[in-house]
Amino acid sequence: MVVLATKCYVEGDARDRALDGMNSLVANDVGELDVDWQVGVRDDDFVQVDVTGEDAPVARNVLAETWGEVVAHDGGLEAGEEYVGTLESWDDVGVTLDAGVDVFVPADELGLGVGSPEQVVERFGLVQHLPMRFVYGGDADDPDAEPTRLADAERDRLYDWQRGDGRVNVNSATRGETRATVNRAGHAQDIVTVERLGLLEQSIVCAEGTDPPGLLAAIGSYLPAEMRCVV
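Calculation rules
Residues numbered from 1 in each chain as written. Predicted model: local features only at pLDDT ≥ 70, side-chain atom pairs only at ≥ 80, totals over all residues. Heavy atoms only, no water. 1 Å grid on protein atoms, 1.4 Å probe; cavity = no way out; pocket = protein on both sides within 12 Å on 5 of 7 lines; lining within 4 Å. Points joined across faces, edges and corners; volume = space filled by probe spheres on them. Nonpolar A, V, L, I, M, F, W, Y, C, P; charged D, E, K, R; others polar. Pairing = 2+ DSSP bridges. Helix = DSSP H or I, 4+ residues; strand = E, 2+ residues; numbered from the N terminus. Contact = heavy atoms within 4.5 Å. Axes fitted to C-alpha atoms, helices over the stretch in contact; angles between N-to-C directions. Buried < 20%, exposed > 50% of the residue type's maximum accessible area, 1.4 Å probe, protein only. Salt bridge = Lys/Arg side-chain N within 4 Å of Asp/Glu carboxyl O. Expected span 1.5 Å × (residues − 1).

The computed volume of the largest pocket comes to approximately 240 Å³. What lines the largest pocket is a set of 15 residues, among which Thr66, Trp67, Gly68, Pro131 and Leu197 lie closest to the centre. Tallied by class, residues from the lining of the largest pocket come to six nonpolar, three polar and six charged. A volume near 200 Å³ is recorded for the second largest pocket. Taken together, 14 residues make up the lining of the second largest pocket; nearest its centre are Phe104, Tyr136, Gly138, Ala140 and Thr148. Grouping the amino acids of the lining of the second largest pocket by side-chain chemistry returns nine nonpolar, two polar and three charged.

Hydrogen bonding along the main chain pairs the strands of a sheet, whether they run parallel or antiparallel. Spatially, E6-E5-E4-E7-E8 is the arrangement adopted by the five strands of the open sheet, whose pairing is antiparallel. The sheet terminates laterally at strand E6 (102-106) and strand E8 (149-150), the two strands that pair on one side only. Examined bridge by bridge, strand E4 (residues 82-91) and strand E7 (residues 131-135) share five bridges and lie antiparallel to one another. Bridge pairing in E7 links Val84 to Arg133. Taken strand by strand, helix H3 (residues 117-124) contacts E4 and strand E5 (94-98), and its axis lies near 110° from that of E4.

Taken as a whole, this structure holds one cavity of 30 Å³ or more when the rule is applied. Space inside the largest cavity adds up to approximately 60 Å³. Surrounding the largest cavity, Leu87, Val95, Leu110, Leu112, Pro117, Val120, Val121, Leu126, Met132 and Leu150 form its lining. Looking at the lining of the largest cavity, the element that brings in the most residues is H3, giving three residues.

For the rest of this paragraph, the subject is the sheet that holds strand E12 (residues 227-230). In space, the four strands of this open sheet follow the order E10-E11-E9-E12, with antiparallel pairing throughout. Edge strands, defined here as strands with exactly one partner in the open sheet, are strand E10 (191-196) and E12. Averaged over all adjacent pairs, the angle separating strand axes in this sheet is 20°, with direction ignored. With four bridges connecting them, strand E9 (residues 167-171) and E12 associate as antiparallel partners. Bridged to Asn169 within E12 is Arg228. Sitting on the sheet, helix H6 (residues 212-220) touches E9, E10, strand E11 (201-206) and E12, and the angle it makes with E12 is about 160°.

Below, the discussion takes up unusual backbone geometry. Within the chain, Asp45 stands out as a residue other than glycine whose phi angle is a positive 80°. Mapped onto the fold, Asp45 is located in the loop between strand E2 (36-41) and strand E3 (46-52). With a relative accessible area of 24%, Asp45 lands in the partly exposed category.

This paragraph deals with the pattern of salt bridges. Evaluated as defined, the whole model comprises 14 salt bridges. Notably, a salt bridge pairs Lys7 with Glu88, separated by 3.5 Å at the nearest N-O pair. With Lys7 in strand E1 (residues 2-7) and Glu88 in strand E4, the pair connects residues that are 81 residues apart, well separated along the chain. There is no split in this pair, since Lys7 and Glu88 are both buried. The salt bridge involving Arg163 is made with Asp160; its shortest N-O contact spans 2.5 Å. Taken together, the residues span about one helical turn, with Arg163 and Asp160 both in helix H4 (residues 152-163) at a distance of three residues. One network of salt bridges, in which partners are shared, links Lys7, Glu88 and Asp98.

With that settled, the discussion passes to H4. Taking 1.5 Å of rise per residue, 12 residues should cover 16 Å, and H4 covers 17 Å from first to last C-alpha, within 8% of that figure. Contacts from the buried residues of H4 go to H3, E7, E8, E9 and E12.

Glancing now at the pairing of E2. The sheet contact formed by E2 and E3 spans six bridges and is antiparallel. When the sheet's bridge partners are listed, Trp37 is paired in E3 with Val51. Between E2 and the antiparallel strand that follows it, E3, lie four residues; Asp45 among them carries a positive phi value of about 80°.

Below, the structure is given as structure tokens:
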């Protein structure tokens, strides 16, 4: 079994559609290997994939590499190692990621420029449940532990977002639903693509000349989801 660093936190028909989509994504990742798999959701909403068959170790490694793996329940986090957690909350002093256990990243360790965590969230278009990479500092009760920080690769990714032509980030929608919403709103020509960030977190990459806040306003009534702009 591998627990992926992405969540399925919707209910009812939306959950069924999301899990059907997840099954297709797993098939794309490992379908050519000699394995069978079953996609499920843990009580904490993380997606887990039970994999069996001759190529199961390889398949688990592929899925962990593609999606990130939640390992906290399998023996804990090791200081100095890089992991993936989902963005759960933020306040004046930092952000909290869910990596199977809550992991706190102090504001000074975000490495994303000046401003409060809330201002960082707004400036970089971060949405709840977004998978993010971090370097674990150690047990908070250990006086010698380093503070947990965002990984360099994560910081680079977010700064790259700002260097582009703009984005609208969305949660609570699949990639297909997001694409369909843009088309329904009549803005297909205003985007380059919809980039998958997680199972239910997407990034609409704007075409040159597209105003991200304007795009958000245009599609907002069609998609009941949390959305933020990267400008």
